[in-house]
Amino acid sequence: MVSKELESAINKQINAEFWSAYLYLSMSAHFANKGLPGFANWFNVQFREEQDHALKLMNYLISKGNRVELTPIEKVDTQWNSVLHAFEVTLDHERVVTSLINSLVSIARRENDYATENMLQWFVSEQVEEEETAQGMIDSLKLIGDNGFGLYTMDKELSQRSYTPLNSEQA
Ligand code: FEO
């Protein structure tokens, strides 16, 4: 079992991951409405990955004989001024998630809970990737500027992103 403190902190993280999923689903709907199906697809894949993050944490608590407590998900924004704005919000949010994961690691370390720390290392690596990806999108969008054809081309490229579920070792 993990301690009550870690159980509570992981349950909060589950809620944060579902909130992330909800945020990206809202972005996906927004860009679908705006006639940018590639960006909508990209955020839809992101939505599904965030659900996997929540499920991974839920599965871990269950495997340790701890309680999962799902709590209400706060509302998310429904509009963004531009795709650049949405990715800036994404990067800011992922930085917050990184700090939440780091806090979880700190608790696990303080408690000498090596199994939980080991499980959390997957999230530490994932957050490096999440921030790098969001930063890369921001860089590309800044290069494109207000070039409509550039945005059209990027939208086409992002329509290729496909969802890959976590494998049995990762889930
Ligand atoms: Fe689950 Fe995007 O962090």
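As shown above, the structure is provided for reference.
Conventions adopted
- Residues numbered from 1 in each chain as written.
- Predicted model: local features only at pLDDT ≥ 70, side-chain atom pairs only at ≥ 80, totals over all residues.
- Heavy atoms only, no water.
- Helix = DSSP H or I, 4+ residues; strand = E, 2+ residues; numbered from the N terminus.
- Rg over C-alpha atoms; globule rule 2.2 N^0.38 Å.
- Buried < 20%, exposed > 50% of the residue type's maximum accessible area, 1.4 Å probe, protein only.
- Contact = heavy atoms within 4.5 Å.
- Areas by Shrake-Rupley, 256 points an atom, 1.4 Å probe, with all protein chains shown as cover.
- Lys, Arg positive; Asp, Glu negative; His and termini not counted.
- Charge placed at Lys NZ, Arg CZ, Asp CG, Glu CD.
- Core = buried A, V, L, I, M, F, W, Y, C linked by side-chain atoms within 4.5 Å.
- 1 Å grid on protein atoms, 1.4 Å probe; cavity = no way out; pocket = protein on both sides within 12 Å on 5 of 7 lines; lining within 4 Å.
- Points joined across faces, edges and corners; volume = space filled by probe spheres on them.
- Nonpolar A, V, L, I, M, F, W, Y, C, P; charged D, E, K, R; others polar.
- Salt bridge = Lys/Arg side-chain N within 4 Å of Asp/Glu carboxyl O.

## Structural notes on the overall build of the chain
Regarding its fold elements, the chain presents 5 helices and 0 strands. At 17 Å, the chain has a C-alpha radius of gyration in line with the 16 Å of a compact globule built from 171 residues. In terms of principal-axis extent, the alpha carbons of the chain reach across some 55 × 30 × 25 Å. In the chain, buried positions account for 44% of the 171 residues. Long-range pairs, those at least 24 residues apart, make up 81% of the contacts in the chain with a sequence separation of at least 6. Surface summary for the chain: the accessible area is close to 9,300 Å², and the carbon and sulfur share equals 52%. Each charge class in the chain can be summarised by its mean position, and for the 14 positive and 25 negative side chains these summaries are 4 Å apart.

## Here we look at the nonpolar core
Ranked by internal contacts, the top residues of the largest apolar core, which has 24 residues, are M27, F31, F39, F43, F87 and M154. When residues of this core are traced back to their parent elements, those giving at least two are helix 1 (4-33), helix 2 (37-63), helix 3 (83-110), helix 4 (114-144) and helix 5 (148-158). Here F31 is in contact with L36, F39, A40, F43, S82, V83 and A86, once residues within four sequence places are set aside. With 20 residues, the next largest nonpolar core counts L6, L61, V97 and A108 among its residues.

## Focus on empty space enclosed by the protein
Under the counting rule described, the total for this entry stands at 1 cavity of 30 Å³ or more. Volume-wise, the largest cavity comes out at about 30 Å³. What lines the largest cavity is simply Y24, W42, Q46, T90, E94, E130, T133 and A134. Counting only elements with at least two residues in the lining of the largest cavity, the list comes to helix 2, helix 3 and helix 4.

## Digging into the layout of surface pockets
What the largest pocket holds in volume is close to 210 Å³. Residue lining of the largest pocket: 16 residues in total, with N81, S82, V83, L84 and L151 positioned closest to the centre. Looking at the lining of the largest pocket, the elements with two or more residues in it are helix 1, helix 3, helix 4 and helix 5. The class makeup of the residues in the lining of the largest pocket is 8 nonpolar, 6 polar and 2 charged.

## What about the pattern of salt bridges?
Taken as a whole and assessed by the stated rule, the structure comprises 4 salt bridges. Note that E7 and K4 form a salt bridge whose closest N and O atoms lie 3.2 Å from each other. Highlighted residues: E7 and K4, both in helix 1, separated by 3 residues, approximately one helical turn. The salt bridge partner of E117 is R109, with a shortest N-O separation of 2.8 Å.

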